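# Close look at the chain arrangement
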Amino acid sequence: MLPPFGPIVPPTSTLNPQPSTLNPQPSTLNPQPITLNDAPPQPKPLAKKAQRHLPEPSPNLWPWTSANTAANPPTPEPPPPGAREATRPHEHIYILGGGNIGRFLAVTLAKSRPAPAVTLVVNSEAQLSYCSETDVKIVTCPESSTTAPVNVEYWSENPPPRGGGESPQTIPPLHNVIVATKAAQAMPAVDRIRRYLSPGCSVLLAQNGVCRLWPPGVDEYVAERWTRVEDAPRFMTGVVTHGLFAKDYATSVYASPGEIIFGSVSDAASTSEAEASQKSDPVTNSFLARCFLSAPDLHARLTPPKHSGSCSSKN
């Protein structure tokens with residue numbers, strides 16, 4: 001039975017498809033031949049090598065003394081017999097850090113014979129004010145203490161506001177520096193005085209723990225801070241095992257004897273252990289190193305630089 005709508009007839013277009021009448025036209029493009037005068041494509045220029053950016057210059061620093069903080073600054077005592085003249089800048093030792101190690105090194109070096117000129121750079125204006133009223137000293141037992149003529153300064157990025165009489169001057173070029181701060185503060189302390197470190201000056205980092213300048217850290221630090229290696233100071237590092245604790249801003253109690261083991265970390269690749277042991281190395285034969293070795297109470301011991309090729313394993 002057919003449906004009421006009649007038979008279903010498919011559309012005519014699907015039953016009788018018409019042949020395609022498309023006649024594609026041939027391409028009329030006539031490409032031009034490449035002549036010899038046409039320049040070949042140029043390669044892209046290589047990216048320039050990233051330049052090494054040195055850090056910003058260190059700030060200007062002004063030395064503050066007791067004359068800038070105390071209402072009645074004490075009269076400086078004359079240097080002891082055998083003390084070196086302070087007018088010889090190459091024999092002046094500056095110690096950064098007014099803590100236990102800094103006070104111990106300052107007093108011990110200042111009372112050695114012949115004694116170098118020693119300046120202890122304290123951490124704050126408050127500590128400078130305290131030290132202007134009392135001597136820096138080391139207590140060896142409840143009834144005995146040791147002191148020595150030590151200059152005390154505080155280095156600020158601002159000129160001192162009063163005292164001193166003369167126009168304030170920035171700190172002089174430094175030739176012998178001991179960094180006796182906490183280990184975490186040692187490298188910022190060196191960065192802060194970088195503009196005053198003359199080429200070839202001696203810088204000794206003295207802490208009771210790990211030092212960032214242990215090889216290969218010293219090579220990385222010098223490359224990041226100086227354009228030419230020849231302009232960098234000569235670095236030494238030392239481990240202090242003397243036991244001390246603080247009594248006040250100017251006094252440390254000597255609790256247990258120890259020693260200081262120090263050595264050069266500069267030019268380690270060009271200095272052999274034999275040269276260092278014979279004290280022909282310019283770093284370990286410097287004025288600062290000789291002062292350490294000649295001060296009897298420091299119990300300082302020099303160790304030669306270590307080389308990667310000098311270590312041998314034993315089976």
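Reading the values: the criteria
- Residues numbered from 1 in each chain as written.
- Predicted model: local features only at pLDDT ≥ 70, side-chain atom pairs only at ≥ 80, totals over all residues.
- Heavy atoms only, no water.
- Buried < 20%, exposed > 50% of the residue type's maximum accessible area, 1.4 Å probe, protein only.
- Helix = DSSP H or I, 4+ residues; strand = E, 2+ residues; numbered from the N terminus.
- Arc of directions from axis to C-beta.
- Contact = heavy atoms within 4.5 Å.
- Phe/Tyr/Trp six-rings, centres within 6.5 Å; stacked < 30°, edge-to-face > 60°.
- Pairing = 2+ DSSP bridges.
- Axes fitted to C-alpha atoms, helices over the stretch in contact; angles between N-to-C directions.
- Polar contact = N/O pair within 3.5 Å; in protein donor to acceptor, adjacent residues only side chain to side chain.
- Core = buried A, V, L, I, M, F, W, Y, C linked by side-chain atoms within 4.5 Å.

Where an unreviewed UniProt entry is consulted, the chain appears under the name Ketopantoate reductase N-terminal domain-containing protein, with the organism given as Ophiocordyceps camponoti-floridani.

Turning to helix H5 (residues 217-225), a few remarks are in order. Among all positions of H5, only Gly217, Val218, Tyr221, Val222 and Arg225 are buried. All buried residues of H5 lie within an arc of 125° about the axis, which places them on one face of the element. Where the residues of H5 are buried, they touch helix H4 (183-192) and strand E9 (234-240).

This part takes up the packing of aromatic side chains. Evaluation of the coordinates by the stated rule reveals 8 aromatic pairs. With centroids separated by 6.1 Å and ring planes inclined at 80°, the aromatic side chains of Tyr221 and Phe235 adopt a geometry described as edge-to-face. Here Phe235 lies in strand E9 and Tyr221 lies in helix H5, a separation of 14 residues in the sequence. Classification of Tyr221 by relative accessible area gives buried; the value is 0%. For Phe235, a relative accessible area of 0% corresponds to the buried category. Ring geometry for Trp226 versus Phe235: centroids 6.4 Å apart, planes at 65°, classification edge-to-face.

Here the focus is the sheet that holds strand E6 (residues 151-156). As summarised here, the arrangement of the 9 strands in space is E1-E6-E3-E2-E7-E8-E9-E12-E13, forming an open sheet in which the pairing is mixed. This sheet does not close on itself; its edge strands, each paired only once, are strand E1 (62-64) and strand E13 (300-302). Between one strand axis and the next, the sheet turns through 30° on average, direction left out of account. Bridging between E9 and strand E12 (residues 260-264) involves 5 bridges; their strand directions are antiparallel. In the sheet register, Met236 faces E12, and the bridge partner there is Ser264.

In this section: the side chain of Gln127. Among the secondary structure elements, Gln127 is positioned in helix H3 (residues 125-131). Exposure remark for Gln127: the relative accessible area of 4% places this residue in the buried category. Reaching out from Gln127, the side chain makes a polar contact with the backbone nitrogen of Asn123 at a distance of 3.2 Å. If we skip the residues at most four places from it in the chain, Gln127 touches Gly98, Arg103, Val122 and Tyr249.

What the 4 strands build is an open sheet, ordered E5-E4-E11-E10; its pairing is mixed. A strand with exactly one partner marks an edge of an open sheet, and here the two such strands are strand E5 (144-147) and strand E10 (243-246). Averaged over neighbouring strand pairs, the angle between their axes works out to 30° when direction is ignored. Bridge count for strand E4 (residues 137-141) against strand E11 (residues 251-256) is 3 bridges, and the pairing is parallel. Within E11, the residue paired with Lys137 across the bridge is Thr251. Against the sheet, helix H2 (residues 100-110) contacts E4, E5, E10 and E11, and its axis sits at roughly 110° relative to E10.

With that settled, the discussion passes to the nonpolar core. If you look at the biggest cluster of nonpolar residues, it comprises 41 residues, and the most contacted ones within it are Ile93, Ile95, Leu105, Leu109, Ile178, Phe292 and Leu298. Among residues more than four places away in sequence, those in contact with Leu105 are Ile95, Ile178, Ala206, Ile260, Phe292 and Leu298. Of all hydrophobic cores here, the second largest spans 28 residues; its members include Tyr94, Tyr196, Trp226 and Phe235.

Time to look at H2. Burial within H2 is extensive, with 10 of its 11 residues counted as buried. Considered for burial, the residues of H2 that qualify are Ile101, Gly102, Arg103, Phe104, Leu105, Ala106, Val107, Thr108, Leu109 and Ala110.

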